[in-house]
2 protein chains.
Amino acid sequence: MDTLETRELRYFMAVAEELHFGRAAERLGMAQPPLSRAIQQLERRLGVSLLKRNRRGVSLTGAGEVLLHEGRAALDAITAAARRTRRAGGADGPGGPRNRLVLAVKAGASHELLHKLLDAYAAEPDAAEIEVLPSGTCEQEGMLRDGRADVALMHAPFNSLAGFDSEELMTEGQIAILPAGHPLAAHETLSLADVSDIPELPLARWSRHGTYPPGPGPEIHDQTQLAQLIALGRTVAVFPDSARAWLWAEHTAVPLTDAPSVVTHIAWPAHSRLPALAGLIRTATRL
Amino acid sequence: MDTLETRELRYFMAVAEELHFGRAAERLGMAQPPLSRAIQQLERRLGVSLLKRNRRGVSLTGAGEVLLHEGRAALDAITAAARRTRRAGGADGPGGPRNRLVLAVKAGASHELLHKLLDAYAAEPDAAEIEVLPSGTCEQEGMLRDGRADVALMHAPFNSLAGFDSEELMTEGQIAILPAGHPLAAHETLSLADVSDIPELPLARWSRHGTYPPGPGPEIHDQTQLAQLIALGRTVAVFPDSARAWLWAEHTAVPLTDAPSVVTHIAWPAHSRLPALAGLIRTATRL
DNA sequence: CACTGTCATACTCTGCAGGTATCACTGAGT
DNA sequence: ACTCAGTGATACCTGCAGAGTATGACAGTG
């Protein structure tokens, strides 16, 4: 059979990520031997070898890599099903299923657009309740995939719209945000090259799931930290034009001529059938 | 926890589709009581009521409908993971993972395009092996979703591209295929209205998962049957222009002026990472 | 008012997921 | 060369959960 229980998937994902049975077992809150057996059994059932046991740790085979990717998608779909079902629960009031949408937005981005959208939608007849869920850097995609959110504001080219349906809402240029006193702040416009290699102003490194990319810049994980570092003359940042909304007095914004445009979309899982979603999208595209 | 074992999902889907515990249990090859208990337990775990037990059959609650949709997507993702992993198995030859792609095409459609594509791709250096999988009416979507296929030729507006990545390959008009002797066959062009309500030529009804839509037309499930019925003067059909390739002598094709254009796309699951896929897509878009 | 169809409950049993103890093997250090 | 640490596999045992059988509760029907 091709049953593939979710338990087996969870187990395999843990091992594939840790590449170590002991640590994987610990992460799963179980002992190592049953984990080993479960994986063996999974391999036998699929008729495929997933891991190369090298006496010194473990590595993935080609089939293992495939299962790592496909399995993640499948697990996301499962937790999404659970979450969305729970959220729809207690429903069936006289006005149909309880109307509620979870909207994921990158924390701090598109304030103005978001405000307009929420106001316009709230004015609609029989508008659903919108819960705004602030998301970390580029995390909206995962939130849609695993059901934490029903719909999201995404920003191409930073977010990937692959696998979602979407409508374009807004296009804007990008600006460099510099310390007010910096020589470059006097320019009318700048290019990406101008701001990307300033020795005394290295680009900040954003936290991604707790780790930071390598480089000389300071480590940050929210916009306030970044704003402060810019104000102190320690770094420079590139942002969509709408970031002007939160600039400090110590900041100067200079348009970038050659930075790619940022396109804000409203996006949702392609198979979504939430009745309230259509109304929100209609409102959004009319803005 | 929000574990949601696939077994539970399968059980629920069966009940939600049959709306009858007994039949669902039979379909699952088990007795009815354990099924009842499993569903109850699922409802308790999710903290949500999924089914209304009406003493006379069963009906879905709002949350139940959500789980029916989301669960189908999740189950598809799981079987896709299993299938694709199996297919990648035995891999890891010296030339990297075994290169093989399964391409789903609507049986009989786009013959010429398909031929050109396969020839052009076969000429590429390190081309993967392409397995062509004929699919029933509009079934390519399901095949991509549950992993029976890796990539598909789809025809908008008949197929929905929602949830897939795709590239446009070809646009064509549509034609009416009439019995050669019919009065309308003498026209230069026709409109949809002209052919949709001819009393003596009712439109055929295609099989969809074994059932047929209601209507006066004959029931068919493959193109040859249809061709024969047209030749016999019993029905009329509307097809993309490329269907001219298989017309019989007893058929006459007349262009339709107001039928929507048919756009052929090559489409694949948005999260796909198959190395061979990129080459095929590149070849396809160059045609 | 018996009867049928339907889902729920009670009870039992078995298979398997999980734990503990231990083995087998390899590479490193002295 | 020998020991030791680290890692995954094996052997064996246990308890629970998932499956079966028998039966109950209830509603609609003729």
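If you're wondering where the values come from, they're calculated on a predicted model, not measured in any experiment.

Q: Would you mind going over the overall build of chain A in detail, with residue names and values included?
A: The secondary structure content of chain A amounts to 9 helices and 12 strands. Dimensions of chain A, computed from the C-alpha atoms along their principal axes, are close to 65 × 60 × 30 Å. In chain A, buried positions account for 38% of the 287 residues. Taking as baseline every contact in chain A between residues at least 6 positions apart, the subset at least 24 positions apart corresponds to 68%.

Q: Talk me through the sheet that holds strand S6 (residues 164–172) of chain B; I want residue IDs and the actual numbers.
A: All names here are of chain B. Judged by pairing direction, the sheet is mixed, and its 5 strands sit side by side in the order S4-S3-S5-S12-S6 without closing on themselves. Every other strand in the sheet has two partners, leaving strand S4 (129–135) and S6 as the edge strands with one partner each. For this sheet, the mean inter-axis angle between neighbouring strands, taken without regard to orientation, is 25°. Alignment of strand S5 (residues 151–156) against strand S12 (residues 262–269), held across 5 bridges, turns out to be antiparallel. Residue His155 lies in a different strand from S12, and its bridge partner there is Thr264. The strands that helix H9 (residues 275–286) touches are strand S3 (100–106), S5, S6 and S12; relative to S6, the one it contacts most, it runs at about 25°.

Q: Which residues make up the domain arrangement of chain A, and what are the values?
A: Residue and element names in this part refer to chain A. Annotation of chain A at the domain level lists domain 1 (6–87), domain 2 (103–167 + 267–285) and domain 3 (174–255). Computed from C-alpha coordinates alone, the two centres of domain 1 and domain 2 are separated by 32 Å. Each partner contributes residues to the interface: domain 1 has 6 residues there, and domain 2 has 4 residues. Residue composition of the side of domain 1 that touches domain 2, grouped by class: 2 nonpolar, 1 polar and 3 charged.

Q: Before we move on, could you go through the protein's contact with DNA strand C and cite the residues and values that matter?
A: Taken together, 17 residues lie near DNA strand C, and A:Ala31, A:Pro33, B:Phe21, B:Pro33 and B:Ser36 sit nearest. Counting residues per element, the ones that place at least two in the surface near DNA strand C are helix H3 (32–46) of chain A together with helix H2 (21–28) and helix H3 (32–46) of chain B. When the residues that make up the surface near DNA strand C are grouped by side-chain class, the tally is 8 nonpolar, 5 polar and 4 charged.

Q: Please give an account of the relation of the copies chain B and chain A that cites residues and values.
A: Aligned on chain A, chain B shows an RMSD of 0.2 Å; the corresponding rotation is 180° and the shift along the axis is 0.0 Å. When the rotation and shift are considered jointly, the pair of chain copies conforms to a two-fold rotation axis. Every residue of chain B has its C-alpha some distance from the rotation axis, and the shortest such distance is that of B:Gly163, at 2.1 Å. The residues that chain B uses at the interface reappear at the interface of chain A in 100% of cases, marking a shared surface.

Definitions and cut-offs
Residues numbered from 1 in each chain as written. Chains lettered and ligands numbered in written order. Predicted model: local features only at pLDDT ≥ 70, side-chain atom pairs only at ≥ 80, totals over all residues. Helix = DSSP H or I, 4+ residues; strand = E, 2+ residues; numbered from the N terminus. Buried ≥ 20, exposed ≤ 12 C-beta atoms within 10 Å, placed from the backbone. Contact = placed C-beta atoms within 7 Å. Pairing = 2+ DSSP bridges. Axes fitted to C-alpha atoms, helices over the stretch in contact; angles between N-to-C directions. Domains from an automatic or database assignment. Nonpolar A, V, L, I, M, F, W, Y, C, P; charged D, E, K, R; others polar. Near = placed C-beta within 6 Å. Least-squares fit on C-alpha atoms with pLDDT ≥ 70 in both.

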